[in-house]
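Next come the chains, spelled out residue by residue.
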Amino acid sequence: MTKDLSQQTLTATALGWIDKDTDAMAAPLRPSTSFLRDPKDLARTGRLFTRDDNPTFDQPEALINALEGGAGCLLFASGMAAITSVFHRLKPGDHVILPRLVYSGLRDWINEHGQTWGLEVSFLDHYDGPAVTAAMIPGKTKLVWMETPSNPTWQITDIAEIAAAAHEGGALLAIDSTVSTPILTQPIKHGADIVIHSCSKYMNGHGDLIAGAAVVAPGREEVLAEMAALRNAYGAVLGSFEAWLLLRGMRTLSLRVKSASASALRIAEFLAGQPQVAEVLYPGLESHPNHDIAKKQMTGGFGAMLSFRLVGGELAAKEVADRVQVIRQAISFGSTETVIEHRAGMESAASPTPRDLLRLSVGLEDVTDLITDLQQALDSIGAAK
Ligand SMILES: *Cc1c(COP(=O)(O)O)cnc(C)c1O
């Protein structure tokens, strides 16, 4: 039955599970670390210890898996824990391919730890099927990574094209789909093998928890089993309270993502008409270089993240971030409130992010309040404060 239901229904009902013990409609929180063993058969394969698994994970994992059309899902202590578990499956000497413009936490982890671990890495400036094919090292490339829309310039990459290039060369395709969420894009349908989310963003959606998730495509169940073993071995397990809170947040995922995406499009159109703005980076605009790919693989909206570059350069960008009043200047995204960030200032010195760029995470406020706020901040550039 759940196969035919819309994502809005799946999320609002959290798959319709009822607690068997109490008939409770809301999922119970089960913090137990240990589970009774069968005295007759100590080796049985039931639950044992919460670093392996906890019953509070079951429903959020099943819901994320259903939304993605996967063969299984695992929750992790953070998005980074989910990401690194994908790389920890690899062996020293294995080769991986990534876009240079990728979530900066991953780029930094690869440069500081992934290379020490012995991974061979190709960061590509231009990311499409032919570029990935050209970078493949036969017999050595085990993983191709992608992120779409990608931080912080919101370039769109064609998932089906990258998947074909990866599979042709015998590698798996993993995608960080944090920004799209399964509401806007379901990468497994387009050929991805592993889908990663930082649930600290839209999945939870209330800016009050750190969590991650990994979903595998049908046929890749062995990958999930390896990642489950790594989650246990490295201890990157989510707390049961966080798993419970995540499910609570996900009940509104579909509504939140669609509403924030609609507001982001309005704001992108507004910003594109302002003389102080040099460029608006948003895949929903027809002027965006990858708008056609976005239309092909995103449904229900183009996401709630956008960036814009200021005619007045870095100084003007910092001024605008400082002068907004409803919008707050803060890191992270995907919560109910809109935040703005001078991204280059937050990333490491080697970051390729343009210094005149502001990143906006559009939230759930009335969009006219947000536009009025941005208008007064833009109009105040250069004026005494
Ligand atoms: C935040 C983020 C991560 C890391 O997730 P955490 O939950 O903070 O560890 C990974 N990828 C993207 C795109 C993110 O925005």
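Residues numbered from 1 in each chain as written. Predicted model: local features only at pLDDT ≥ 70, side-chain atom pairs only at ≥ 80, totals over all residues. Heavy atoms only, no water.

> What should I look at first to understand the overall build of the protein chain in this one?
The number of helices and strands found in the protein chain is 14 helices and 12 strands. Its C-alpha atoms give the protein chain a radius of gyration of 21 Å, near enough to 21 Å, the size a compact globule of 385 residues would have. For the C-alpha atoms alone, the extent of the protein chain along its principal axes is close to 80 × 55 × 35 Å. In the protein chain, which comprises 385 residues, the proportion classed as buried is 55%. Pairs at least 24 residues apart make up 71% of the contacts formed inside the protein chain by residues separated by at least 6 positions. Surface accessibility of the protein chain: about 16,300 Å² in total, with carbon and sulfur atoms responsible for 55%. Where the 33 positive side-chain charges of the protein chain centre and where its 44 negative ones centre are 4 Å apart. (Helix = DSSP H or I, 4+ residues; strand = E, 2+ residues; numbered from the N terminus. Rg over C-alpha atoms; globule rule 2.2 N^0.38 Å. Buried < 20%, exposed > 50% of the residue type's maximum accessible area, 1.4 Å probe, protein only. Contact = heavy atoms within 4.5 Å. Areas by Shrake-Rupley, 256 points an atom, 1.4 Å probe, with all protein chains shown as cover. Lys, Arg positive; Asp, Glu negative; His and termini not counted. Charge placed at Lys NZ, Arg CZ, Asp CG, Glu CD.)

> Would you take a moment to explain helix α10 (residues 253-272) for this structure?
Every α-helical turn comprises 3.6 residues, leaving residues that sit three or four positions apart pointing alike. Look at α10: 28 Å from first C-alpha to last across 20 residues, which is about the 28 Å you get at 1.5 Å a residue. By the burial criterion, the buried members of α10 are Leu253, Ser254, Arg256, Val257, Ala260, Ser261, Ser263, Ala264, Ile267, Ala268, Phe270 and Leu271. (Expected span 1.5 Å × (residues − 1).)

> Please explain the site of the ligand as it appears in this structure.
Every one of the 14 residues lining the ligand counts as a neighbour, but Gly79, Asp176, Ser198, Ser200 and Lys201 are closest to it. Contact between the ligand and Asp176: a nitrogen atom at 2.6 Å from a side-chain N or O atom of the residue. A distance of 2.7 Å is found between an oxygen atom of the ligand and a side-chain nitrogen or oxygen belonging to Lys201. For the ligand, whose accessible area on its own is 380 Å², the fraction buried by protein is 92%. In terms of residues, the shell around the ligand owes the most to one element, helix α3 (residues 79-88), which gives 3 residues. For the shell around the ligand, the residue count by class is 5 nonpolar, 6 polar and 3 charged. (Near = heavy atom within 4 Å. Polar contact = N/O pair within 3.5 Å; in protein donor to acceptor, adjacent residues only side chain to side chain. Nonpolar A, V, L, I, M, F, W, Y, C, P; charged D, E, K, R; others polar.)

> Explanation requested: the domain arrangement of the protein chain in the structure shown.
One widely used convention gives an interface's size as the accessible area the parts lose upon coming together. Splitting the protein chain by domain gives domain 1 (2-250) and domain 2 (254-384). Centre-to-centre, using C-alpha coordinates, domain 1 lies 27 Å away from domain 2. Contact with domain 1, which involves 36 residues of that partner, is made by 38 residues of domain 2. Carbon and sulfur atoms supply 58% of the area that domain 1 and domain 2 bury against each other, a total of about 2,900 Å² over both sides. In terms of surface lost to domain 2, no three residues of domain 1 exceed Trp154, Leu184 and Tyr202, which account for 27% of the buried area on that side. Seen at the junction of domain 1 and domain 2, the total is 1 salt bridge. One salt bridge in this structure joins Asp158 and Lys296, with 2.6 Å as the shortest N-O distance. Where domain 1 meets domain 2, there are 18 residue pairs in polar contact (both at pLDDT 80 or more). Tallied by class, residues from the side of domain 1 that touches domain 2 come to 12 nonpolar, 20 polar and 4 charged. (Domains from an automatic or database assignment. Buried area = accessible area lost by both parts, 1.4 Å probe. Salt bridge = Lys/Arg side-chain N within 4 Å of Asp/Glu carboxyl O.)

> It is not clear to me how empty space enclosed by the protein should be interpreted in this structure. Could you clarify?
Gaps left between atoms are located by rolling a probe of water-molecule size over the structure's atoms. Scanning the model with the defined rule gives 2 cavities of 30 Å³ or more in all. Of the volumes computed, that of the largest cavity is approximately 50 Å³. The wall of the largest cavity is formed by Tyr202, Gly205, Arg256, Ala260, Gly334, Ser335, Thr336, Val362, Gly363 and Leu364. Counted by class, the lining of the largest cavity contains 4 nonpolar, 5 polar and 1 charged residues. In this structure, the second largest cavity occupies an estimated 30 Å³ of space. Together, Leu101, Val102, Tyr103, Ser104, Arg107, Asn151, Pro152, Arg343, Glu347 and Thr353 line the second largest cavity. Tallied by class, residues from the lining of the second largest cavity come to 4 nonpolar, 3 polar and 3 charged. (1 Å grid on protein atoms, 1.4 Å probe; cavity = no way out; pocket = protein on both sides within 12 Å on 5 of 7 lines; lining within 4 Å. Points joined across faces, edges and corners; volume = space filled by probe spheres on them.)

> When you look at the packing of α3 against helix α8 (residues 221-234) in this model, what are you seeing that I'm missing?
In a pair of packed helices, the angle between the axes and the distance between the axes together describe the arrangement. In contact at an axis separation of 10 Å, α3 and α8 are set at 115° when each is read in the N-to-C sense. Considering their axes alone, α3 and α8 lie roughly perpendicular with respect to each other. Note that α3 runs across α8; the crossing there is right-handed. Side by side, α3 and α8 meet where Ala82, Ser85, Val86 and His88 of the first sit next to Met227, Leu230 and Tyr234 of the second. Broken down by class, the residue content of the contact of α3 with α8 amounts to 5 nonpolar, 2 polar and no charged. (Axes fitted to C-alpha atoms, helices over the stretch in contact; angles between N-to-C directions. Parallel < 35°, antiparallel > 145°, perpendicular 65-115°, else oblique. Left-handed = near helix turned anticlockwise from the far one by under 90°.)

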